[in-house]
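Chain by chain, the residues run as shown.
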Amino acid sequence: MGFKRKLPTEPVMLENFKGGAGAVQKFDVLTPEEMYNKGRVCSVMMLEPGSEVGRHRHEGDCEVYLILSGTGKYLLDGELVDAEPGDIFYADDGDEHYVLNDGGMPLMMMAIVLYSK
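Residues numbered from 1 in each chain as written. Predicted model: local features only at pLDDT ≥ 70, side-chain atom pairs only at ≥ 80, totals over all residues. Heavy atoms only, no water.

K.L.:
Describe the environment of Leu75, listing the residues and the values that go with them.
P.N.:
Position of Leu75 among the secondary structure elements: in strand E6 (residues 72-76). Residues Leu75 and Glu96 lie 21 residues apart in sequence; the distance between their C-alpha atoms is 7.8 Å. Look past the residues within four positions of Leu75 in its chain and what remains in contact with it is Arg55, Leu80, Glu96, His97 and Tyr98. (Helix = DSSP H or I, 4+ residues; strand = E, 2+ residues; numbered from the N terminus. Contact = heavy atoms within 4.5 Å.)

Right, dumping it as C-alpha coordinates:
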(Lines give C-alpha, C1' and ligand atoms only; values in the text may rest on other atoms or scores of the structure.)
Protein backbone atom coordinates (compact mmCIF):
# COMPACT_ATOMS: atom_id res chain seq x y z
CA MET A 1 0.00 0.00 0.00
CA GLY A 2 1.35 3.41 -0.93
CA PHE A 3 1.54 6.42 1.32
CA LYS A 4 2.27 10.12 1.44
CA ARG A 5 4.35 11.74 4.15
CA LYS A 6 6.32 14.88 4.76
CA LEU A 7 10.06 14.93 5.14
CA PRO A 8 10.83 14.89 8.89
CA THR A 9 11.47 18.33 10.33
CA GLU A 10 13.91 17.04 12.97
CA PRO A 11 17.05 15.50 11.48
CA VAL A 12 19.31 12.85 12.92
CA MET A 13 22.59 14.69 13.57
CA LEU A 14 25.71 12.77 12.52
CA GLU A 15 28.88 14.39 13.85
CA ASN A 16 32.05 13.56 11.89
CA PHE A 17 30.04 11.15 9.71
CA LYS A 18 32.26 8.41 8.28
CA GLY A 19 35.22 10.33 9.75
CA GLY A 20 34.40 13.53 7.84
CA ALA A 21 34.59 17.10 9.08
CA GLY A 22 31.60 18.85 10.62
CA ALA A 23 28.12 17.41 10.87
CA VAL A 24 25.60 15.89 8.50
CA GLN A 25 21.88 16.28 9.06
CA LYS A 26 20.00 13.15 7.93
CA PHE A 27 16.26 13.16 7.19
CA ASP A 28 15.04 9.58 6.72
CA VAL A 29 12.65 9.03 3.80
CA LEU A 30 12.12 5.25 3.95
CA THR A 31 12.95 2.65 6.57
CA PRO A 32 14.80 -0.55 5.61
CA GLU A 33 11.50 -2.39 6.08
CA GLU A 34 9.78 -0.03 3.63
CA MET A 35 12.63 -0.84 1.21
CA TYR A 36 11.72 -4.55 1.58
CA ASN A 37 15.08 -4.98 3.39
CA LYS A 38 16.86 -4.59 0.05
CA GLY A 39 18.68 -1.51 1.34
CA ARG A 40 19.56 0.31 4.53
CA VAL A 41 19.40 4.02 3.66
CA CYS A 42 16.94 6.21 1.79
CA SER A 43 17.48 9.71 3.18
CA VAL A 44 17.91 13.35 2.37
CA MET A 45 21.16 14.65 3.80
CA MET A 46 22.25 18.24 4.42
CA LEU A 47 25.88 19.29 4.75
CA GLU A 48 26.68 22.79 5.95
CA PRO A 49 29.62 24.57 4.27
CA GLY A 50 32.87 22.82 5.20
CA SER A 51 31.13 19.59 6.24
CA GLU A 52 31.65 16.26 4.55
CA VAL A 53 30.68 12.63 4.42
CA GLY A 54 34.09 11.10 5.10
CA ARG A 55 35.92 8.78 2.75
CA HIS A 56 34.55 5.26 3.01
CA ARG A 57 34.33 2.03 1.02
CA HIS A 58 31.17 0.13 0.21
CA GLU A 59 31.24 -3.58 0.92
CA GLY A 60 28.14 -5.64 0.25
CA ASP A 61 26.18 -2.62 -0.93
CA CYS A 62 26.16 0.31 -3.35
CA GLU A 63 25.17 3.95 -2.95
CA VAL A 64 23.54 6.60 -5.10
CA TYR A 65 23.72 10.33 -4.35
CA LEU A 66 21.44 12.81 -6.12
CA ILE A 67 22.58 16.39 -5.55
CA LEU A 68 19.48 18.52 -4.91
CA SER A 69 20.99 21.92 -4.08
CA GLY A 70 24.30 23.51 -3.24
CA THR A 71 27.71 22.61 -4.63
CA GLY A 72 30.67 20.57 -3.54
CA LYS A 73 33.24 17.97 -4.48
CA TYR A 74 32.82 14.21 -4.87
CA LEU A 75 35.56 11.57 -4.94
CA LEU A 76 34.89 9.52 -8.09
CA ASP A 77 37.35 6.82 -9.13
CA GLY A 78 40.11 8.50 -7.11
CA GLU A 79 39.52 11.98 -8.57
CA LEU A 80 37.72 14.96 -7.06
CA VAL A 81 34.97 16.16 -9.37
CA ASP A 82 32.47 19.01 -9.06
CA ALA A 83 29.07 18.19 -7.58
CA GLU A 84 26.11 20.40 -8.44
CA PRO A 85 22.31 20.17 -8.54
CA GLY A 86 21.08 17.41 -10.84
CA ASP A 87 24.30 15.36 -10.63
CA ILE A 88 23.89 11.66 -9.83
CA PHE A 89 26.83 9.76 -8.37
CA TYR A 90 27.03 5.98 -8.02
CA ALA A 91 29.46 4.08 -5.78
CA ASP A 92 29.48 0.37 -6.59
CA ASP A 93 30.26 -2.47 -4.19
CA GLY A 94 33.99 -2.09 -3.43
CA ASP A 95 34.17 1.60 -4.43
CA GLU A 96 35.54 4.28 -2.13
CA HIS A 97 34.04 7.77 -2.16
CA TYR A 98 33.23 10.91 -0.17
CA VAL A 99 31.47 14.22 -0.62
CA LEU A 100 32.52 17.66 0.63
CA ASN A 101 30.51 20.87 0.75
CA ASP A 102 33.07 23.46 -0.37
CA GLY A 103 30.41 26.01 -1.32
CA GLY A 104 28.86 28.87 0.59
CA MET A 105 25.41 27.37 1.19
CA PRO A 106 24.08 24.02 2.46
CA LEU A 107 24.47 21.05 0.14
CA MET A 108 21.34 18.89 0.01
CA MET A 109 21.39 15.41 -1.49
CA MET A 110 19.35 12.25 -1.54
CA ALA A 111 21.28 9.14 -0.52
CA ILE A 112 20.16 5.57 -1.24
CA VAL A 113 22.14 2.52 -0.12
CA LEU A 114 21.07 -0.83 -1.58
CA TYR A 115 22.45 -4.27 -0.78
CA SER A 116 24.39 -5.82 -3.64
CA LYS A 117 24.06 -9.41 -2.44
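On we go from here.
K.L.:
Explain the sheet that holds strand E2 (residues 23-28) to me, and be specific about the residues and the numbers.
P.N.:
The sheet built from six strands is open, its strands ordered E1-E2-E3-E10-E5-E8 with antiparallel pairing. The open sheet is flanked by strand E1 (12-15) and strand E8 (88-91), the only strands paired with a single partner. Shown here is a sheet whose adjacent strand axes are inclined to one another by a mean of 25°, direction ignored. Sheet analysis places strand E3 (residues 39-47) next to strand E10 (residues 107-115), joined by eight bridges and oriented antiparallel. Among the inter-strand pairings, Gly39 is bridged to a residue of E10, identified as Leu114. (Pairing = 2+ DSSP bridges. Axes fitted to C-alpha atoms, helices over the stretch in contact; angles between N-to-C directions.)

K.L.:
Explain the sheet that holds E6 residue by residue, including any values.
P.N.:
Sheets are built from strands paired through backbone hydrogen bonds, the pairs being either parallel or antiparallel. Spatial strand order, E4-E9-E6-E7: four strands in an open sheet with antiparallel pairing. Because the sheet does not close on itself, it has two edges, and the strands there are strand E4 (52-57) and strand E7 (79-83). Taking the axes of each pair of neighbouring strands and ignoring which way they run, one obtains an average angle of 15° across the sheet. For E4 and strand E9 (residues 96-100), the ladder comprises four bridges, and the chain directions are antiparallel. Opposite His56, over in E9, you have His97 as the bridge partner.

K.L.:
Any details on the packing of aromatic side chains? Residues and values, ideally.
P.N.:
Summed over all chains, the structure comprises two aromatic pairs. Geometrically, the ring pair formed by Tyr65 and Tyr74 is edge-to-face, given 6.0 Å between the ring centres and 85° between the ring planes. Taken individually, Tyr65 and Tyr74 each receive the classification buried, so the pair is uniform in this respect. Between Tyr74 and Phe89, the ring centres sit 4.1 Å apart and the planes meet at 15°, which makes this aromatic pair stacked. On the criterion of sequence distance, the pair formed by Tyr74 in strand E6 and Phe89 in strand E8 is long-range, its members being 15 residues apart. Residue class for Tyr74 comes out buried when judged on its relative accessible area of 1%. (Phe/Tyr/Trp six-rings, centres within 6.5 Å; stacked < 30°, edge-to-face > 60°. Buried < 20%, exposed > 50% of the residue type's maximum accessible area, 1.4 Å probe, protein only.)

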